Amino acid sequence: MGRRVFRCLAVAALAVASACAPTVAPPGAAGSGATTRPPTPTASVAAPPSPLSPASTVNAPGASRPVPPGKLRLADARRRMLALLNRDRASQGLSPLTLDEGAAQRAGQRHAEDMARHSFLGHWGTDGSNPEQRHTEAGGVDMVLENASCVDDLKPRQLETEPLVAEAAIAHAEHLFFDEAPPNDGHRRNILKPHHTRVGIGIALPITTATEIGTPCFTQELVDGYGTYAPLPTSARLGQTVHVEGTITAPAVFGGVGIARVEAPRPQSPAEANKRRVYPVPTPFQVYWPRGFVTPIPVEVSGATFRVDVPLDDQGRPGLYEISVFGKLPGTKSHGMLSLRTIEVR
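Residues numbered from 1 in each chain as written. Predicted model: local features only at pLDDT ≥ 70, side-chain atom pairs only at ≥ 80, totals over all residues. Heavy atoms only, no water.

A.B. asks: Please provide a residue-by-residue account of the pattern of salt bridges, values included.
C.D. replies: It is possible for side chains bearing opposite charge to pair when their charged atoms get close. According to the stated counting rule, one finds 18 salt bridges in the structure shown. In this structure, E272 and R266 form a salt bridge, with 3.5 Å as the shortest nitrogen-oxygen distance. Its salt-bridge partner being D314, residue R317 comes within 2.8 Å of it at the nearest N-O pair. Through salt bridges with shared partners, a single ionic network connects R261, E263, D314 and R317. (Salt bridge = Lys/Arg side-chain N within 4 Å of Asp/Glu carboxyl O.)

Rendered as structure tokens:
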């Protein structure tokens, strides 16, 4: 049977941009009399291709089918990847992550299936969505950074509905993510971001055929969960004001609220998606700070709770607006994103 090339790319921790997926350098908090300094994305990195040894799969429906040695059902495959990810974090003295089986898993599974079905590699979907948009649409409210790996030969494939995933493929994917060498180590830095709290894992497996062994595609949606937030609309009119409110959870401390804009998502071919390998988190065009700082609209803060009404208007341009909540965590010198949600503005 044929072998296929397994490629991967990632986004690094906040303040370090990496290939395709979002990351952002946090803004400096402007003191009284100073001006707001928005975040500036840094350079991107990408991982080189690596071969993945093929592993046979059984293309038979039904959850009652036996599981061959070395294979795992989807839920167990996710738990296996979580165990490997936490092993790697523990090797650097970091706390373990919990498995996010909610919004992060739904968003990650959506993208893993999109990549596997169309055999492309990137962080924009064929529907034009980016990682934070998928997370938002799945019900997520926290900051999320995505690691992704898949084949990229652009060959359409059908997917297993009840995949049996080779343990060796899971281990190899985590190896590719974690054992990168600087400066092309965006996946590794993302995994080792100290303040991640949860991870959603997406796994999609193409059907094995007479000429080819199905190779799984993976996503890791690494989440920073440090607050609760009032709902935002999924769509709005240009110039509409939205109410942003939430309560930050210790040890995080609230900083400010940012607003960015990117072009509205548009469907694209797998070939187009496969070319768009570099994706930094959009830089806010405006950050709103609490009273005492130079800011066009002061954020009202009461203890750990904050609230502010912000206009959705970037020089009269519609698009996908991104609402961020910045905060400071122990051991960090500057504010980073704790929440990132999207609104389609027309």
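A.B. asks: Outline the state of the cysteines, listing residues and values.
C.D. replies: Taken as a whole and judged by the stated rule, the model has one disulfide. Shown here is the disulfide that connects C150 with C217, its sulfur atoms set 2.0 Å apart. For the disulfide bridge between C150 and C217, the dihedral angle about the S-S bond is near 50°, and by the sign convention the bridge is right-handed. With C150 in strand β5 (residues 143–150) and C217 in strand β8 (residues 217–224), the pair connects residues that are 67 residues apart, well separated along the chain. Of the two residues examined, C150 and C217, each falls in the buried class. (Disulfide = S-S within 2.5 Å. Helix = DSSP H or I, 4+ residues; strand = E, 2+ residues; numbered from the N terminus. Buried < 20%, exposed > 50% of the residue type's maximum accessible area, 1.4 Å probe, protein only.)

A.B. asks: Tell me about the sheet that holds strand β11 (residues 241–248), and name the residues and values.
C.D. replies: The strand order across the open sheet formed by four strands is β9-β11-β15-β14, and the pairing between neighbours is antiparallel. The open sheet terminates on both sides in strands that have one partner only, identified here as β9 (227–229) and β14 (300–302). Along the sheet, successive strands turn relative to each other by an average axial angle of 20°, direction set aside. Pairing between β11 and strand β15 (residues 305–311): seven bridges, direction antiparallel. Residue V242 lies in a different strand from β15, and its bridge partner there is V310. (Pairing = 2+ DSSP bridges. Axes fitted to C-alpha atoms, helices over the stretch in contact; angles between N-to-C directions.)

A.B. asks: How would you sum up the packing of aromatic side chains? Please name residues and give values.
C.D. replies: One pass over the structure, following the stated rule, counts four aromatic pairs. Here F285 and Y321 contribute two aromatic rings whose centre-to-centre distance is 6.3 Å and whose plane-to-plane angle is 90°, an arrangement assigned as edge-to-face. Of this pair, F285 sits in the loop between α6 (270–275) and β13 (286–288) while Y321 sits in strand β16 (residues 319–328), and the two are 36 residues apart along the sequence. Taking 6.3 Å as the distance between ring centres and 35° as the angle between the ring planes, the aromatic pair formed by W289 and F293 counts as tilted. (Phe/Tyr/Trp six-rings, centres within 6.5 Å; stacked < 30°, edge-to-face > 60°.)

A.B. asks: So what's going on with the packing of helix α1 (residues 74–90) against helix α4 (residues 167–178)? Residues and values would help.
C.D. replies: Running from amino to carboxyl end, α1 crosses α4 at an angle of 35°, the nearest separation of the two axes being 10 Å. As α1 packs across α4, the resulting crossing turns out to be right-handed. Residues A77, R80, M81, L84, L85, R87 and D88 of α1 form the contact with α4, whose participating residues are E167, I170, A171, A173, E174 and F178. Tallied by class, residues from the contact of α1 with α4 come to eight nonpolar, no polar and five charged. (Left-handed = near helix turned anticlockwise from the far one by under 90°. Contact = heavy atoms within 4.5 Å. Nonpolar A, V, L, I, M, F, W, Y, C, P; charged D, E, K, R; others polar.)

A.B. asks: Go over the sheet that holds strand β12 (residues 253–262), please, and point to the residues and values.
C.D. replies: Taken in spatial order, the five strands make up an open sheet running β10-β17-β16-β12-β13, and their pairing is mixed. For this open sheet the edge positions go to β10 (235–236) and β13, each flanked by a neighbour on one side alone. When β10 meets strand β17 (residues 336–345), the two strands line up parallel, connected through two bridges. Among the inter-strand pairings, A236 is bridged to a residue of β17, identified as V345.

A.B. asks: An account of the environment of R277 is requested, with residue identities and associated values reported.
C.D. replies: With respect to the helices and strands, the residue R277 is situated in the loop between α6 and β13. For the pair R277 and L121, spaced 156 residues apart in the sequence, the C-alpha separation amounts to 7.6 Å.

A.B. asks: Can you explain α1? Please cite residues and give values.
C.D. replies: Over its 17 residues, α1 extends 24 Å from the first C-alpha to the last, a length consistent with the 24 Å expected when each residue adds 1.5 Å. Those residues of α1 lying buried are A77, R78, M81, L82, L84, L85, N86, D88 and R89. (Expected span 1.5 Å × (residues − 1).)

A.B. asks: Talk me through the nonpolar core; I want residue IDs and the actual numbers.
C.D. replies: Core analysis: the largest hydrophobic core is formed by 24 residues, its most contacted members being V244, I248, F306, L312, I323 and I343. Secondary structure elements with two or more residues in this core: β11, β12, β15, β16 and β17. In this view, V244 contacts L232, V257, F306, R307, V308, V310 and I323; residues no more than four positions away in its chain are not counted. (Core = buried A, V, L, I, M, F, W, Y, C linked by side-chain atoms within 4.5 Å.)

A.B. asks: Describe unusual backbone geometry, and please don't skip the residues or the numbers.
C.D. replies: The residue after P182, namely P183, is reached through a cis peptide bond having omega 5°. Mapped onto the elements of the fold, P183 is located in the loop between α4 and α5 (186–191). Look at the link from A250 to P251: it is a cis peptide, with omega at 10°. You will see that S119, though not glycine, has its phi angle at about 55°, which is positive. Within the fold, S119 resides in the loop between α2 (103–118) and α3 (131–137). Its identity as a non-glycine residue notwithstanding, L154 has a phi of 65°, on the positive side. When you line up the elements, L154 lands in the loop between β5 and β6 (164–166).

A.B. asks: Can you tell me about the side chain of E221, naming the residues and giving the values?
C.D. replies: Examined against the element boundaries, E221 turns out to sit in strand β8. Despite its burial, E221 pairs with no opposite charge; the closest candidate is R134, at 5.6 Å N-O. Beyond its immediate sequence surroundings of up to four residues, E221 is in contact with A104, G108, V144, L145, E146, R198, V199 and G200. (Lys, Arg positive; Asp, Glu negative; His and termini not counted.)

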